[in-house]
2 protein chains.
Amino acid sequence: VPQRFIDRLDRILKARDSLVCVGLDPDPALFPKPIRALPARRRLDRFLDGVVDATAPHAAAFKMQLATYLAYGEVGIRTLSRLTRRIGSTRLRILDLKANDIPNIVRFYRDAAFREMGFDAITLTPWLGWETLEPFRTDARHGVFVVAHSSNPGAVDFQEIPTPRGPLWLAVIGETFSDAFRLARASLGNRVPILVPGVGAQGGSLATAVREGVDADGRALLVSASRSVLYASSGKDWKSAAGQEAARLRTQINQLRSGLRTG
Amino acid sequence: VPQRFIDRLDRILKARDSLVCVGLDPDPALFPKPIRALPARRRLDRFLDGVVDATAPHAAAFKMQLATYLAYGEVGIRTLSRLTRRIGSTRLRILDLKANDIPNIVRFYRDAAFREMGFDAITLTPWLGWETLEPFRTDARHGVFVVAHSSNPGAVDFQEIPTPRGPLWLAVIGETFSDAFRLARASLGNRVPILVPGVGAQGGSLATAVREGVDADGRALLVSASRSVLYASSGKDWKSAAGQEAARLRTQINQLRSGLRTG
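Small disclaimer: the values here were computed from a predicted structure and weren't measured.

Trainee: For this particular structure, what's the right way to read the sheet that holds strand β3 (residues 92–99) of chain A?
Mentor: Where strands meet in a sheet, backbone hydrogen bonds hold them as pairs that are either parallel or antiparallel. Residues and elements named next belong to chain A. Spatially, the seven strands line up as an open sheet ordered β5-β4-β3-β2-β1-β9-β8, and their pairing is parallel. Pairing within the sheet leaves two strands with one partner each, and these edge strands are β5 (143–146) and β8 (194–196). Averaged over neighbouring strand pairs, the angle between their axes works out to 25 degrees when direction is ignored. Bridge count between strand β1 (residues 20–23) and strand β9 (residues 221–225): three bridges; the pairing is parallel. The residue of β9 that forms the bridge with V22 is A225. Across the sheet, helix α10 (residues 206–213) touches β8 and β9, and the angle it forms with β9 is around 160 degrees.

This is the structure:
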């Protein structure tokens, strides 16, 4: 019997005792020196495999930005399919493409992500309306994360526009504005997962996100870090540095939620 | 000297005497019978090449939905690169991916579309804020189309949310609400192009779009049709039927704007 996505996520967070999501966003300009010394056609795979191996012991999920693979053309897409298989089903594999389109088109993104490339979940944005969600309604095995509020300065341009129902981003998750994570969690209830990007190189308050974002079991939250993990060192210790940074983040998060746990 | 995108678009619309943009969105479920009779690995290329050959005499641009190619995995991305080269620079090639992300990620989409796959322009949505536009500011040779208002029912969910500056979609192009194309054109001025999707299978008023959307020269407008052209016939006349539908749309648009032309 196939598991519901929401149950599978919970089971993985519990089994791994980690809320860490490693953002596998390869940026050739930031590759460590030993990777740059390789022939060009080897760099992408060697770098990604190294990061996955070093960080998997500390991670519950991996998130890939479609853009950073698409820049490699067909090679990048082949790499995505290979990576999801390599990571396997003991971690969640999330395709970050911020899809937004009419249902007739979104269902192609769905098939590309889940069937063709082997992901467990993808990200969506709401600009085209709730219709964007339609192709996923009958598929409980896979997940979608809707980007209600992003962590960049431009978030104020649209997401925070005042509306009769409060700022627009909260209209996305159905609540009125005050402190974000507490209200988001209150609005979503138990088990419904929140994906927090932008912790690490982009900044953002980890403590608030964890304390107010987890559900009653101290789970249902994924904290994503990309550059701070992937490019922790540019020297020959790049793999161990990435692993250490993922481990550090995991410990920090677990300490923050240890006071909150019920069990 | 490389041409500015806006000048190149104008030159192409004038040279082809057409505002037609053919949406090359392959949907295997709708492929004509002669294509379905082919071995699976031949269907995509044969179908697309047939449509391009049949419609190019009547088209100024081709627009490809990334989703419909990504569903084919790496093969789809290879096909996109091949198609842009095959179409060549006498028509505009637009990648419809509705990208929205932080600048650091959007620049990978930019490189993927323009450098890796050979497109002339891409589509963006504004959910992540104006930052999404940043990576394009220094590149006048390529174009971006920002999706202010879409043609699907879900457009009301966010795009039409009232704000202190009028409905949200018009805040995107900087005006207050009334009749859309007239105000969009008034707001954008001459030469800045408008891309109109959803004419054809999706419905929408072609007459209003053309009469009120063109600039003072009767250009700066692209009218995109996909399913109504690509799947005009499912029989052995599928190529000629696609060509005839593109020709019919071009003639209809040219008749609508003939009364408006200054020259």
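Trainee: Would you take a moment to explain the nonpolar core for this structure?
Mentor: Nonpolar side chains tend toward joint burial in soluble globular proteins. Ranked by size, the top nonpolar core spans 146 residues in total, and within it L24(A), L222(A), L24(B) and L222(B) carry the most contacts. In terms of nonpolar packing, the next biggest core, distinct from the first, is built from 12 residues, L128(A), W127(B), I161(B) and L168(B) among them.

Trainee: What should I look at first to understand the interface of chain A and chain B in this one?
Mentor: For interface size, the figure often reported is the accessible area lost on association. Across the boundary between the two partners, chain A contributes 54 residues, which contact 54 residues of chain B. For the pair chain A and chain B, the two sides together bury roughly 4800 Å², of which 64% comes from carbon and sulfur. Along the contact surface separating chain A from chain B lie six salt bridges. The partner of R78(A) in a salt bridge is E74(B), and the shortest N-O contact between them spans 2.7 Å. Where chain A packs against chain B, one counts 18 residue pairs in polar contact (both at pLDDT 80 or more). Of all the secondary-structure elements, those providing two or more residues to the side of chain A that touches chain B are α4 (66–70), α5 (74–87), β3, α6 (103–116), α7 (155–158), β6 (162–163) and α8 (168–173) of chain A. Of the residues forming the side of chain A that touches chain B, the biggest block, seven residues, is contributed by α6(A). Along the lines of polarity and charge, the residues of the side of chain A that touches chain B split into 29 nonpolar, 13 polar and 12 charged.

Trainee: Quick question: what am I supposed to make of the relation of the copies chain A and chain B here?
Mentor: What connects the two chain copies is a rotation about an axis and a shift along it. When chain A is fitted to chain B, the best match, at an RMSD of 0.0 Å, comes from turning it 180 degrees and sliding it 0.0 Å along the axis. In short, the pair behaves as if placed about a two-fold rotation axis. Relative to the rotation axis, the closest C-alpha in chain A is found at E74(A), a distance of 2.3 Å. When you check the interface residues of chain A against chain B, 100% turn up at the interface there too, and the contact is symmetric in its surfaces.

Trainee: What should I look at first to understand the pattern of salt bridges in this one?
Mentor: Note on pairing: side chains with opposite charge can pair once their charged atoms come close. Enumeration according to the criterion identifies 40 salt bridges over all chains in this entry. When the shortest N-O distance is used, the salt bridge between D45(B) and R82(B) registers 3.1 Å. Placement of D45(B) in helix α3 (residues 40–55) and of R82(B) in helix α5 (residues 74–87) is noted, with a sequence separation of 37 residues between them. Connected via shared salt-bridge partners are R4(A), D7(A), D10(A), R191(A) and R219(A).

Trainee: What am I meant to see in the packing of helix α9 (residues 180–188) of chain B against helix α10 (residues 206–213) of chain B here?
Mentor: Angle between the axes and distance between the axes are the two parameters that describe a pair of packed helices. All names here are of chain B. Look at α9 against α10: their axes get within 8 Å of each other, and the N-to-C directions meet at 25 degrees. Here α9 is positioned roughly parallel relative to α10, judged by the angle of their axes. Handedness of the α9/α10 crossing: right-handed. For the pair α9 and α10, the contacting residues are F181, R182 and R185 in the first and T208, A209, E212 and G213 in the second. Split into classes, the residues belonging to the contact of α9 with α10 amount to two nonpolar, two polar and three charged.

About the thresholds
- Residues numbered from 1 in each chain as written.
- Chains lettered and ligands numbered in written order.
- Predicted model: local features only at pLDDT ≥ 70, side-chain atom pairs only at ≥ 80, totals over all residues.
- Heavy atoms only, no water.
- Pairing = 2+ DSSP bridges.
- Helix = DSSP H or I, 4+ residues; strand = E, 2+ residues; numbered from the N terminus.
- Axes fitted to C-alpha atoms, helices over the stretch in contact; angles between N-to-C directions.
- Contact = heavy atoms within 4.5 Å.
- Core = buried A, V, L, I, M, F, W, Y, C linked by side-chain atoms within 4.5 Å.
- Buried < 20%, exposed > 50% of the residue type's maximum accessible area, 1.4 Å probe, protein only.
- Buried area = accessible area lost by both parts, 1.4 Å probe.
- Salt bridge = Lys/Arg side-chain N within 4 Å of Asp/Glu carboxyl O.
- Polar contact = N/O pair within 3.5 Å; in protein donor to acceptor, adjacent residues only side chain to side chain.
- Nonpolar A, V, L, I, M, F, W, Y, C, P; charged D, E, K, R; others polar.
- Least-squares fit on C-alpha atoms with pLDDT ≥ 70 in both.
- Parallel < 35°, antiparallel > 145°, perpendicular 65-115°, else oblique.
- Left-handed = near helix turned anticlockwise from the far one by under 90°.

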